[in-house]
Every structure is written in C-alpha cells, then in structure tokens.
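Here's the letter readout for the chains.
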Amino acid sequence: MKEGQIMDFITLAKNRYSVRSYSEKQIEKDKINKILEAAYISQSAKNKQSARVYVVQSEEGIEKLRALTRCVYNAPTVMIIGYEESEQYVNEMEEGIVSGQQDASIVATHMMLEATELGIGSVWVDGFPNTRTAEVFNLPKSVKPVCLIPMGYAADDVEPSPMHGKYRPIEEMVKTL
C-alpha cells in the first residue's frame with residue numbers, strides 16, 4: 001500500500017502481511033507518533049489500560065534485542081509490547097482469567113494496522129525470551145512482555161509469504177449456536 005492511501009478496513013487487514021526484511025530507513029517521528037496513538041486509543045478490558053509499549057530505536061537497544069532473538073530482522077525500530085500485571089482486569093466469575101495478554105494483543109494489532117496504513121511493515125514476534133527481555137531492558141518486575149513488533153520500511157525485494165491470504169474454510173472458524 002502506498003503512503004497516504006485510505007482504504008476500508010477489510011482491504012487494510014488483507015494488505016497487512018509479516019515483513020521480515022527492512023530497509024535501513026528509520027521511521028519518521030510523526031509516523032511513530034501515529035502508531036503510538038493507535039496503541040493509546042485501543043480498547044482494553046474494563047478500560048483498565050494495562051498495556052505498555054516500549055519503543056526501541058537506539059543501536060544499543062537493537063543490539064540487545066539481536067542478542068536475545070534472531071527475530072529482529074534488521075528492523076530499525078522494535079516495539080516491546082507488554083502489560084502491567086497490577087492493572088489488568090481480573091474476572092471475578094472465574095479464577096485465573098485475566099486480561100493482560102489480551103489488552104497487549106489488542107494494542108499490538110492496532111499498531112500493526114496503523115503501520116500498514118502508513119506504508120510501514122511489521123511482524124508479530126513470539127520467538128523471544130520474555131522474562132530475559134524484561135530483565136535486559138530493566139522493565140519493572142510487574143510488566144510482562146507479550147510480543148515484539150519489529151517495524152520499518154520493507155526492503156525493496158519483500159513480498160508477502162506464499163501462505164498470505166490462504167485461509168481454511170470460514171465454517172471451520174465460525175459456528176452458529
């Protein structure tokens with residue numbers, strides 16, 4: 001998608017794909033701010049707003065992440081998305097049901113879709129040591145990282161994976177009760 005184009009949501013969602021190779025060009029501050037605004041306005045359980053976003057752009061920070069995981073993909077920016085344990089919604093109707101991971105996941109999804117709208121590629125990364133990452137970046141002990149989102153301008157030769165756009169039949173996902 002070209003920068004500045006506006007499209008309907010389904011088209012935007014279909015156009016978003018996982019980018020694993022980036023150009024060296026850093027994302028402009030105004031675009032980072034739009035991506036962060038998308039995170040800021042996202043929904044959360046009971047509006048508890050437990051999600052936390054850490055923007056890593058320094059060479060030192062990127063090198064720390066590269067030492068932790070191969071899944072940084074030379075992105076110039078990596079977002080660490082997590083949640084503050086003490087601020088997550090706790091379901092009083094069933095023990096062990098809490099919202100932190102969901103809140104962080106909603107934030108991450110909003111960010112990736114806004115990035116796509118701005119012509120910026122991203123990829124959701126689960127392949128990293130969550131606890132060790134929190135320690136290396138001196139995050140508060142109560143903040144639990146959920147995912148990394150490397151992002152930036154896709155390298156010239158990047159194309160969606162052959163799996164992009166291949167879906168099981170909708171009937172396998174959607175059931176009417």
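Novice: Would you mind going over helix 2 (residues 29-40) with me for this structure?
Specialist: Quick reminder: α-helices carry 3.6 residues per turn. Residues three or four places apart thus point the same way. Spanning 12 residues, helix 2 covers 16 Å between terminal C-alpha atoms, matching the ideal 16 Å at 1.5 Å per step. Turning to helix 2, its buried residues are Lys31, Ile32, Ile35, Ala38 and Ala39. Here the buried residues of helix 2 occupy an arc of 115° about the axis, which is enough to place them on one side. Those residues of helix 2 that are exposed and aimed more than 90 degrees away from the buried face are Lys29 and Tyr40. Buried residues belonging to helix 2 abut strand 1 (51-56), strand 2 (77-84), helix 4 (100-117) and strand 4 (143-152).

Novice: Help me understand unusual backbone geometry in this model?
Specialist: In terms of backbone geometry, most residues other than glycine have negative phi values and most peptide bonds are trans. A positive phi angle, close to 55°, is found at Asn47, a residue other than glycine. Structurally, Asn47 can be placed in the loop between helix 2 and strand 1. On the basis of relative accessibility, which here comes to 52%, the residue Asn47 falls in the exposed class. Phi at Asn138 takes a positive value of approximately 55°, unusual for a residue other than glycine. When you line up the elements, Asn138 lands in the loop between helix 5 (130-136) and strand 4.

Novice: Would you take a moment to explain the packing of aromatic side chains for this structure?
Specialist: Summed over all chains, the structure comprises 0 aromatic pairs. When the ring centre of Tyr153 is taken as origin, the NZ or CZ atom of Lys25, which lies over that ring, is 4.4 Å away. When the ring centre of Phe137 is taken as origin, the NZ or CZ atom of Lys64, which lies over that ring, is 5.4 Å away.

Novice: So what exactly am I meant to see when it comes to the pairing of strand 2 here?
Specialist: Successive side chains on a regular strand alternate, one facing one side of the sheet and the next facing the other. Within strand 2, 8 of the 8 residues are buried, leaving the element largely enclosed by the surrounding structure. Burial along strand 2 is two-sided: Thr77, Met79, Ile81 and Tyr83 and Val78, Ile80, Gly82 and Glu84, pointing in opposite directions, are all buried. Inspection of the sheet shows strand 1 paired to strand 2 by 6 bridges, in the antiparallel sense. Residue Ala51 lies in a different strand from strand 2, and its bridge partner there is Tyr83. The pairing of strand 2 with strand 4 spans 8 bridges and is antiparallel. Of the residues in strand 4, the one forming a bridge with Tyr83 is Lys144.

Cut-off values and rules
- Residues numbered from 1 in each chain as written.
- Predicted model: local features only at pLDDT ≥ 70, side-chain atom pairs only at ≥ 80, totals over all residues.
- Heavy atoms only, no water.
- Helix = DSSP H or I, 4+ residues; strand = E, 2+ residues; numbered from the N terminus.
- Expected span 1.5 Å × (residues − 1).
- Buried < 20%, exposed > 50% of the residue type's maximum accessible area, 1.4 Å probe, protein only.
- Arc of directions from axis to C-beta.
- Contact = heavy atoms within 4.5 Å.
- Phe/Tyr/Trp six-rings, centres within 6.5 Å; stacked < 30°, edge-to-face > 60°.
- Lys NZ or Arg CZ within 6 Å of the ring centre and 35° of its normal.
- Pairing = 2+ DSSP bridges.

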